[in-house]
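Here is what each chain is made of, one letter per residue.
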Amino acid sequence: MMNMIWLFLILVSFVCAIFTGHMEQLSQAVMEGANSGVTLVLTTAGVMCLWTGLMKIADSGGLTKRLAHLFSPILHRLFPDYPPDSPAIGAISLNVTANLLGLGNAATPFGLSAMREMQKARPDPHAKTANDSMVRFVVLNTASIQLIPTFLGAIRMQYGSSAPFGMLPAVWITSFSALVVGIAGAYLFRGKKDGERLQ
């Protein structure tokens, strides 16, 4: 579907440029956009590599258990089916930490790992539908609170913002509001329990 939408937009732009006599401007915009896209990718890739590497080092150094202990009061209420020292809670803790730092792409591997561990811990590891804990985790990952939106700050800096982190209050308010509404919705529309507390 998205491919069809993009194709439609490109064709409309091309047709409009022909009928308005702006083919030269269209060609210039395409070249400038491609150049800007490559520059942006390289800039953000450096930031992502740095923070992903640091998170991996922190995980190898035992930070997972410390974070799980730090977040255990909150995570225990959100994910009561998993013991505090379970691999699922450890991966969830790293995902939450990466999201707090605004590293959405760096948080993705931890999120995938958490989902795998949650699937393994289910009474039926071959179940094809998500349980309530998985749904809450997806909401937590998607509508996460970002204390330091590193990725967004890097993009704003790339495009010459004089205050790349000037949007912090707005990010805090919107991300906290989205998280509260998302978690409330997950509890409101939750299904049947997927088994007793996992040992």
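Residues numbered from 1 in each chain as written. Predicted model: local features only at pLDDT ≥ 70, side-chain atom pairs only at ≥ 80, totals over all residues. Heavy atoms only, no water.

Chemist: Give me the lowdown on a nonpolar patch on the surface, citing residues and values where you can.
Modeler: A grouping of Met1, Met2, Ile5, Trp6, Phe8, Leu9, Ile10 and Val12 is seen on the molecular surface, where their side chains present a nonpolar patch of about 890 Å² in accessible area. Within the element layout of this structure, Val12 appears in helix α1 (residues 2–20). (Patch = residues over 30% accessible without salt bridge, like charges linked within 9 Å, V, L, I, M, F, W, Y side chains within 5 Å. Areas by Shrake-Rupley, 256 points an atom, 1.4 Å probe, with all protein chains shown as cover. Salt bridge = Lys/Arg side-chain N within 4 Å of Asp/Glu carboxyl O. Helix = DSSP H or I, 4+ residues; strand = E, 2+ residues; numbered from the N terminus.)

Chemist: How would you summarise the packing of helix α6 (residues 132–142) against helix α8 (residues 168–188) if you had to cite specific residues and measurements?
Modeler: Between α6 and α8, the shortest axis-to-axis distance is 9 Å and the interhelical angle comes to 170°. In terms of orientation, α6 lies roughly antiparallel with respect to α8. For the pair α6 and α8, the contacting residues are Val135, Arg136, Val139 and Leu140 in the first and Leu179, Gly182, Ile183, Ala186 and Tyr187 in the second. When the residues that make up the contact of α6 with α8 are grouped by side-chain class, the tally is seven nonpolar, one polar and one charged. (Axes fitted to C-alpha atoms, helices over the stretch in contact; angles between N-to-C directions. Parallel < 35°, antiparallel > 145°, perpendicular 65-115°, else oblique. Contact = heavy atoms within 4.5 Å. Nonpolar A, V, L, I, M, F, W, Y, C, P; charged D, E, K, R; others polar.)

Chemist: Break down the packing of helix α4 (residues 87–100) against α6 for me, citing the residues and quoting the values.
Modeler: To describe two helices that pack against each other, one gives the angle between their axes and the distance between the axes. Two elements in contact, α4 and α6, have axes whose closest approach is 10 Å; the angle formed by their N-to-C orientations is 20°. As the angle between them shows, α4 and α6 are arranged roughly parallel. In this structure, α4 contributes Ile92, Asn95, Val96 and Asn99 to the contact, and α6 contributes Phe137, Leu140 and Asn141. In terms of residue class, the contact of α4 with α6 is made up of four nonpolar, three polar and no charged.

Chemist: Go over the confidence of the model for the chain, please, and point to the residues and values.
Modeler: In this model, the chain carries a mean pLDDT of 80, and residues with pLDDT of at least 70 account for 88%. Ignoring residues within four places in sequence, the model shows residues 194–199, a span with pLDDT below 50, making 18 contacts including any to other chains. (pLDDT = per-residue confidence, 0-100.)

Chemist: Describe the pattern of salt bridges, listing the residues and the values that go with them.
Modeler: Taken as a whole, this structure holds one salt bridge when the rule is applied. Note that Lys120 is salt-bridged to Glu117, the shortest N-O span being 3.8 Å. Of this pair, Lys120 and Glu117 both sit in helix α5 (residues 104–120), separated by three residues, roughly a single helical turn. By relative accessible area, Lys120 is classed as exposed at 58%. Here Glu117 falls in the partly exposed class, since its relative accessible area comes to 22%. (Buried < 20%, exposed > 50% of the residue type's maximum accessible area, 1.4 Å probe, protein only.)

Chemist: Let's hear about the nonpolar core: which residues, and what values?
Modeler: Counting 19 residues, the largest nonpolar core has Phe79, Ile92, Met118 and Leu140 as the members making the most contacts within it. Sorting the residues of this core by element identifies α3 (63–78), α4, α5, α6 and α8 as the ones contributing at least two each. Counting residues per element, this core draws most heavily on α4, which supplies five residues. Aside from chain neighbours lying at most four places away, what touches Phe79 is Ile89, Ile92, Met118, Ser133, Arg136, Phe137 and Leu140. (Core = buried A, V, L, I, M, F, W, Y, C linked by side-chain atoms within 4.5 Å.)

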